[in-house]
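If you want the building blocks of each chain, they are given just below.
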Amino acid sequence: MAKKPKALITGISGQDGSYLAELLFDKGYDVYGLLRRTSAGPPPYIEDLHLAKKLSYVYGNVRDLSTIRIAMEEVRPDEVYNLAAQSHVWVSFKVPDETWETNFYGVGRVVNEAMRVNKDVRVYQASTSEMFGSTPPPQSEASPFSPVSPYAEAKLKAHEEFIVAYREKYGLFAASGILFNHESPRRGKHFVTRKITHSLAKIKLGLQDKLELGNLEAKRDWGYAGDYVEAMHLILQQKKADDYVIATGESHTVRDFVNAAAAALDMPITWEGEGAHEVGKDKNGKVIIGVDPEFYRPNEVHYLLGDPNKARERLGWTRKVSFDQLVTMMVKSDYDSLKHLAP
Ligand code: F7E
């Protein structure tokens with residue numbers, strides 16, 4: 001019987017880690033997740049995979065070399081998916097050192113240790129559309145990078161130093177997905193999409209009065225995380241390691257996202273005012289959306305729109321879930337999980 005391939009996923013507790021672990025288990029892998037211990041423990045969908053023996057934990061942290069070394073020696077993975085990151089752009093302005101430690105040095109530790117135990121290892125790096133920063137849309141693999149946050153700068157440096165250069169210097173199978181925003185009901189509530197769906201569901205149920213947001217004009221190319229982890233796997237199954245933009249090719253403003261989520265809850269919004277004074281009102285004229293400049297970023301990425309042609313042609317990958325389906329899925333999940341709390 002052929003030996004089962006072994007995959008190690010760092011950042012297993014995040015949104016993408018959970019979808020990827022499920023996908024790889026279904027494809028017949030032995031799946032290991034590098035788990036950073038926290039007092040809250042891993043999210044329920046990760047704990048469920050672990051209890052069902054679909055996922056093994058290896059305790060460690062990409063900021064601690066000794067744990068990465070032990071993890072690689074214990075697992076000896078065929079494929080490594082490096083998803084661990086300080087992934088919040090706004091937070092990266094507040095904690096730049098921590099961001100570099102995880103998003104740059106952490107990548108070096110993972111790649112070097114993976115390569116040391118298995119020179120034929122295949123490494124996937126979670127690169128990001130934030131690396132394009134101020135580059136005008138549409139952004140493709142050929143577009144220049146122009147990062148505008150500590151998050152994006154650290155991610156770009158890791159991409160260049162440990163993925164592109166290691167391919168050339170050491171012939172390592174080091175590949176990356178340059179993923180545009182990807183969301184799901186498992187998205188953290190401090191990212192704008194989930195913040196919107198969770199808050200609007202609460203407002204609809206009478207559990208919250210108002211939602212405060214930052215820049216409503218920012219445009220993002222939002223896809224479904226479940227589709228994007230399929231691209232991660234495909235990227236590591238190619239003959240040659242390479243970098244791929246993974247995106248929908250469609251962009252919407254934050255305000256569009258609010259409108260779509262509100263429509264899914266049957267609570268249309270009327271907008272008034274501009275900038276920090278803009279408000280969104282419900283059908284009774286009550287202000288339910290406001291702007292709080294606290295959520296503005298010192299430097300904003302205004303317009304992301306990915307060109308996914310290379311992924312379509314070379315990987316045969318396309319997104320399956322549309323923007324409206326994604327918003328509806330997230331709204332429904334939040335509404336259903338909150339409705340028992342309604343007064
Ligand atoms: O912001 C605006 C904000 O925090 C999206 C990460 O996964 O995708 C994500 O990064 C936009 C920005 O995601 C609020 O200014 C308005 O323009 O949901 P976000 P992000 O920064 O695009 C990329 C591809 C990654 O790689 C990252 O790891 O929404 N915005 N009002 C707001 N954003 C937040 N968080 N909260 C607000 O209240």
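Residues numbered from 1 in each chain as written. Predicted model: local features only at pLDDT ≥ 70, side-chain atom pairs only at ≥ 80, totals over all residues. Heavy atoms only, no water.

1. As for the overall build of the protein chain
Our working definition: Segments assigned H or I by DSSP are reported as helices when at least four residues long, segments assigned E as strands when at least two residues long, and all are numbered from the N terminus. Note on classification: 1.4 Å probe, protein chains only; a residue is buried when its accessible area is under 20% of the maximum for its type, exposed when over 50%, partly exposed between these limits. Residues count as neighbours in contact if any of their non-hydrogen atoms are within 4.5 Å of one another. To measure how exposed things are, a 1.4 Å probe is used in the Shrake-Rupley method; for residues, cover is taken only from the protein chains shown. The charge count includes Lys and Arg as positive and Asp and Glu as negative, but it does not include His or the ends of the chains. Note on charges: their place is set at NZ of Lys, CZ of Arg, CG of Asp or CD of Glu.
Each helix and strand counted, the protein chain has 11 helices and 15 strands in total. Taking the principal axes of its C-alpha atoms as reference, the protein chain extends roughly 65 × 45 × 40 Å. Taking all 343 residues of the protein chain together, the buried fraction comes to 54%. For the protein chain, long-range pairs separated by at least 24 residues make up 75% of all intrachain contacts whose partners lie at least 6 apart in sequence. Summed over its atoms, the accessible surface of the protein chain is roughly 15300 Å², and 49% of this surface lies on carbon and sulfur atoms. Measuring between centres, the 44 positive side-chain charges of the protein chain sit 4 Å from its 46 negative side-chain charges.

2. Focus on the sheet that holds strand β4 (residues 79-82)
Strand pairing within a sheet occurs via backbone hydrogen bonds; the two strands may be parallel or antiparallel. The criterion, for reference: Between any two strands, at least two bridges found by DSSP are needed for them to pair. Here an axis means a line fitted to C-alpha atoms, over the contact stretch when the element is a helix, while the angle between two N-to-C directions is reported on a 0 to 180 degree scale.
Taken together, 7 strands build an open sheet; the order of strands is β3-β2-β1-β4-β5-β6-β11 and the sheet is parallel. Because the sheet does not close on itself, it has two edges, and the strands there are β3 (56-59) and β11 (243-246). The mean inter-strand angle of the sheet, taken between neighbouring strand axes irrespective of direction, is 20°. Pairing analysis gives 4 bridges linking β4 to strand β5 (residues 122-128), with the strands arranged parallel. Paired with tyrosine 81 across the bridge in β5 is tyrosine 124. Strand contacts of helix α1 (residues 15-26): β1 (6-10), β2 (30-35) and β4, with the helix running at about 175° to β1, the strand carrying the most contacts.

3. A look at the site of the ligand
The criterion, for reference: Any residue with a heavy atom positioned within 4 Å of a molecule or strand is treated as near that molecule or strand. Within 3.5 Å is the distance limit for a polar contact, defined as a pair of N or O atoms, with the added protein rule that one can donate a hydrogen and the other accept it, and that residues adjacent in sequence qualify only through two side-chain atoms. All residues other than Ala, Val, Leu, Ile, Met, Phe, Trp, Tyr, Cys, Pro, Asp, Glu, Lys and Arg, Gly among them, are scored as polar; the first ten of these are nonpolar and the last four charged. The split into domains, and so the bounds of each, comes from an automatic or database assignment of domains.
The environment of the ligand is made up of 23 residues, and the closest members are Ser87, Tyr151, Lys195, Arg297 and Glu300. One of the side-chain N or O atoms of asparagine 181 is found 2.8 Å from an oxygen atom in the ligand. Within the contact set of the ligand, a nitrogen atom lies 3.0 Å away from a backbone nitrogen or oxygen of histidine 190. For the ligand, whose unbound accessible area comes to 700 Å², protein coverage reaches 96%. Residues that form the shell around the ligand fall into these classes: 9 nonpolar, 8 polar and 6 charged. When residues of the shell around the ligand are assigned to domains, at least three fall in each of domain 1 (6-183 + 222-246) and domain 2 (192-220 + 252-302 + 322-341).

4. Section: the domain arrangement of the protein chain
We count it as follows: Summed over both partners, the accessible area lost on bringing two parts together, with a 1.4 Å probe, is the buried area. For this document, the term salt bridge refers to a Lys or Arg side-chain nitrogen within 4 Å of an Asp or Glu carboxyl oxygen.
As assigned here, the protein chain comprises domain 1 (6-183 + 222-246) and domain 2 (192-220 + 252-302 + 322-341). Here the C-alpha centroids of domain 1 and domain 2 sit 29 Å apart. Contacts between the two partners involve 12 residues from domain 1 and, on the opposite side, 19 residues from domain 2. Roughly 1400 Å² of surface becomes buried between domain 1 and domain 2 when both sides are summed, with 69% attributable to carbon and sulfur atoms. For the salt bridge of arginine 220 with glutamate 130, the shortest nitrogen-to-oxygen distance reads 3.7 Å. For the interface between domain 1 and domain 2, the tally reads 3 residue pairs in polar contact (both at pLDDT 80 or more). Going through the elements one at a time, α4 (89-94) and β10 (223-224) are the ones with two or more residues in the side of domain 1 that touches domain 2. The element contributing the most residues to the side of domain 1 that touches domain 2 is α4, with 3 residues. Of the residues belonging to the side of domain 1 that touches domain 2, the class tally is 6 nonpolar, 4 polar and 2 charged.

5. Quick notes on the sheet that holds strand β14 (residues 279-281)
Spatially, β8-β15-β14-β13 is the arrangement adopted by the 4 strands of the open sheet, whose pairing is mixed. Whereas interior strands pair on both sides, the edge strands pair on one side only; in this sheet they are β8 (211-213) and β13 (270-272). Neighbour-to-neighbour, the strand axes of the sheet open up by a mean angle of 20°, direction not taken into account. Pairing between β13 and β14: 3 bridges, direction antiparallel. Following the sheet pairing, tryptophan 271 is matched in β14 by glycine 280. Those strands touched by helix α7 (residues 192-204) are β8 and β15 (287-291), and its axis lies near 160° from that of β8. Its contacts with the sheet place helix α9 (residues 254-264) against β8, β13 and β15, and it is angled at close to 150° to β13.

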